[in-house]
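Chains, contacts and geometry: an overview
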Amino acid sequence: MADRVRIYEVGPRDGLQNESTAIPLATKRGFIDRLLAAGLREIEATSFVSPKAIPQLADADALLPALPNAPGVRYPVLVPNERGMARAEAAGAKSLAVFTAATDAFTEHNIGMTVDESLAAFEPVLRRAADLGWWRRGYVSTAFGCPYTGAVDPHRAVNVATRLLELGVDEVCFGDTIGVGVPAQVSALTDAATAAGIELRQIACHFHDTRGTALANVVAGLEAGVRTFDSSTGGTGGCPYAPGAAGNLATEDLVYLLDASGFEHGVELEKVLDAARYITGALGKPLTTKVGQAGGWDASSGAAIGR
Ligand code: HMG
Ligand code: MG
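This structure is a prediction, so every number in the text was calculated from the model and none was measured. (Residues numbered from 1 in each chain as written. Chains lettered and ligands numbered in written order. Predicted model: local features only at pLDDT ≥ 70, side-chain atom pairs only at ≥ 80, totals over all residues. Heavy atoms only, no water.)

Comments concerning the overall build of the chain
The number of helices and strands found in the chain is 12 helices and 11 strands. A compact globule built from 307 residues would reach a C-alpha radius of gyration of about 19 Å, and the chain, at 18 Å, matches this within 12%. By its C-alpha atoms, the chain is 55 × 40 × 35 Å across when sized along the principal axes. Residues classed as buried in the chain amount to 56% of the 307 residues present. For the chain, the share of sequence-separated contacts (at least 6 apart) that also reach a separation of at least 24 residues comes to 74%. As displayed, the chain offers around 12000 Å² of accessible surface, 51% of which is attributable to carbon and sulfur atoms. Charge-centre separation for the chain: the mean point of 26 positive side chains lies 5 Å from the mean point of 35 negative side chains. (Helix = DSSP H or I, 4+ residues; strand = E, 2+ residues; numbered from the N terminus. Rg over C-alpha atoms; globule rule 2.2 N^0.38 Å. Buried < 20%, exposed > 50% of the residue type's maximum accessible area, 1.4 Å probe, protein only. Contact = heavy atoms within 4.5 Å. Areas by Shrake-Rupley, 256 points an atom, 1.4 Å probe, with all protein chains shown as cover. Lys, Arg positive; Asp, Glu negative; His and termini not counted. Charge placed at Lys NZ, Arg CZ, Asp CG, Glu CD.)

Quick word on the coordination of the magnesium ion (ligand 2)
Around a metal, the perfect tetrahedron of four donors has angles of 109.5 degrees, and the perfect octahedron of six donors has angles of 90 or 180 degrees. Note on the magnesium ion (ligand 2): its protein donors are Asp14 (OD), His206 (NE2) and His208 (NE2). The metal-donor distances range over 2.0 to 2.3 Å. Along the chain, the residues that donate to the magnesium ion (ligand 2) are spaced as D-x191-H-x1-H. Residue Asp14 is found in helix H1 (residues 11-17), and its partner His208 is found in the loop between strand S8 (203-207) and helix H9 (214-224); the two are separated by 194 residues along the sequence. (Donors = N, O, S within 2.8 Å, 3.2 Å for Na, K, Ca; no water.)

So, the pattern of salt bridges
Taken as a whole and judged by the stated rule, the model has 20 salt bridges. The residue Arg87 makes a salt bridge to Asp61 at a minimum N-O spacing of 2.7 Å. Separated by 26 residues along the polypeptide, Arg87 in helix H4 (residues 82-90) and Asp61 in helix H3 (residues 60-63) bring together distant segments of the chain. Beyond isolated ion pairs, a larger network of salt bridges with shared partners links Arg6, Glu42, Arg74, Arg137, Glu171 and Asp230. (Salt bridge = Lys/Arg side-chain N within 4 Å of Asp/Glu carboxyl O.)

Quick word on H9
Taken as a whole, H9 has its buried residues at Ala214, Asn217, Val218, Ala220, Gly221 and Leu222. The elements touched by buried residues of H9 are strand S7 (171-176), helix H8 (183-195), S8, strand S9 (228-231) and helix H10 (251-260). Directly after H9, the chain includes Gly225, whose backbone phi takes a positive value near 105°.

Quick look at the site of ligand 1
Ser50, Arg83, Arg87, Ser141 and Thr177 are the nearest of the 27 residues found near ligand 1. At a separation of 2.9 Å, a nitrogen atom of ligand 1 approaches a polar side-chain atom of Asn110. Protein chains bury 71% of the 1100 Å² of accessible surface belonging to ligand 1 in isolation. Elements represented by at least two residues in the shell around ligand 1 include exactly H1, H4, helix H5 (104-111) and strand S6 (135-141). (Near = heavy atom within 4 Å. Polar contact = N/O pair within 3.5 Å; in protein donor to acceptor, adjacent residues only side chain to side chain.)

Some thoughts on the nonpolar core
Membership of the largest hydrophobic core comes to 97 residues, with the highest contact counts inside it found for Leu64, Tyr75, Leu96, Leu164, Phe174 and Phe229. When sequence neighbours within four positions are dropped, the list of residues in contact with Leu64 reads Ala45, Phe48, Tyr75, Val77, Ala91, Gly92 and Ala93. (Core = buried A, V, L, I, M, F, W, Y, C linked by side-chain atoms within 4.5 Å.)

Regarding the confidence of the model for the chain
Per-residue confidence for the chain gives a mean pLDDT of 96; residues scoring 70 or more make up 99%. Of all helices and strands in the chain, the one with the weakest mean pLDDT is strand S11 (residues 304-305) (93), whereas S6 scores best (99). (pLDDT = per-residue confidence, 0-100.)

Examining the packing of H9 against H10
Put simply, H9 and H10 touch, their axes get as near as 11 Å, and they point 45° apart. Considered as vectors, H9 and H10 are oriented oblique to each other. Note that H9 runs across H10; the crossing there is right-handed. Contacts from Leu215, Val218, Val219 and Leu222 of H9 reach H10 at Asp253, Leu254, Leu257 and Leu258. Along the lines of polarity and charge, the residues of the contact of H9 with H10 split into 7 nonpolar, no polar and 1 charged. (Axes fitted to C-alpha atoms, helices over the stretch in contact; angles between N-to-C directions. Parallel < 35°, antiparallel > 145°, perpendicular 65-115°, else oblique. Left-handed = near helix turned anticlockwise from the far one by under 90°. Nonpolar A, V, L, I, M, F, W, Y, C, P; charged D, E, K, R; others polar.)

Structure follows, in structure tokens:
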């Protein structure tokens, strides 16, 4: 059986959170419908954060209950505190992601807490989520570099990941929030994580493609044994508290790489491209991702597909 990779789609959350044009709920729903049609089964749908911090996702309470209840589909939501947890619960969430970082400076800008304070805030949230039987992820942002303090020692990121796992998350996700990482850093980080007792199946990687290194970083992650990668259909995305952060790794670029490399993932490239055109069209932007422009490639005929 071929090696299987999980593609964790962050387009509706990370992809849209920094967009200034108001996106109607029906458009978000239309985007998620197309992601489901493409075979994506883990779709980070929205955030239960302060609507003042992230106005674009202020409709989370209405969006989540409006999503189709498809079997085997998970819609994780970002939750920063108990207030967010109460909202997520009321909206019918069944999985969540808490989010902190390797550096205090970024965490303070992002959620107004130090890393220690954020972990203390997550403790009751994760306990409640565990009681409810929810799937739980913990993000470690700035794991490859911080926009406020520069280089980050991988052991620092691993230490935060270990503390999140001690709080009961099912998976930790290392974020290259501003897209400065390179493959050697991915290997160093995964080595440090496994040396600290973190299992490869507990690790996900979240690359922003700000400087064009995201796919190279995926390859380094695959070689290290990581099998879960985040991506955003259409390549949209970025955090408003991360100056210079650009789009996430595009799902279409990731799917092409995985297909051509023989990994199984259950996602259909042409339908991802439909979803990418839909969301960039709704945002009034051209589709600028590599595979979005070139299409996929049929190795039996040599023809481009899905353009
Ligand atoms: P604060 O201002 O420090 O805290 O915000 P507060 O407790 O003083 O609350 C301020 C106001 O927000 C109050 O309302 C609260 O009620 C309200 P007011 O009295 O002013 O009317 N409030 C809330 N409202 C709704 N839902 C809530 C909530 N909590 C408080 N859950 C807070 C602290 C964490 C709320 C704020 O800083 C925040 O929402 N930050 C969100 C930042 C964010 O979403 N960033 C983007 C996601 S992270 C990311 O993109 C990185 C990632 O992709 C990985 C990577 O790339 O590395 C995951
Ligand atoms: Mg991100």
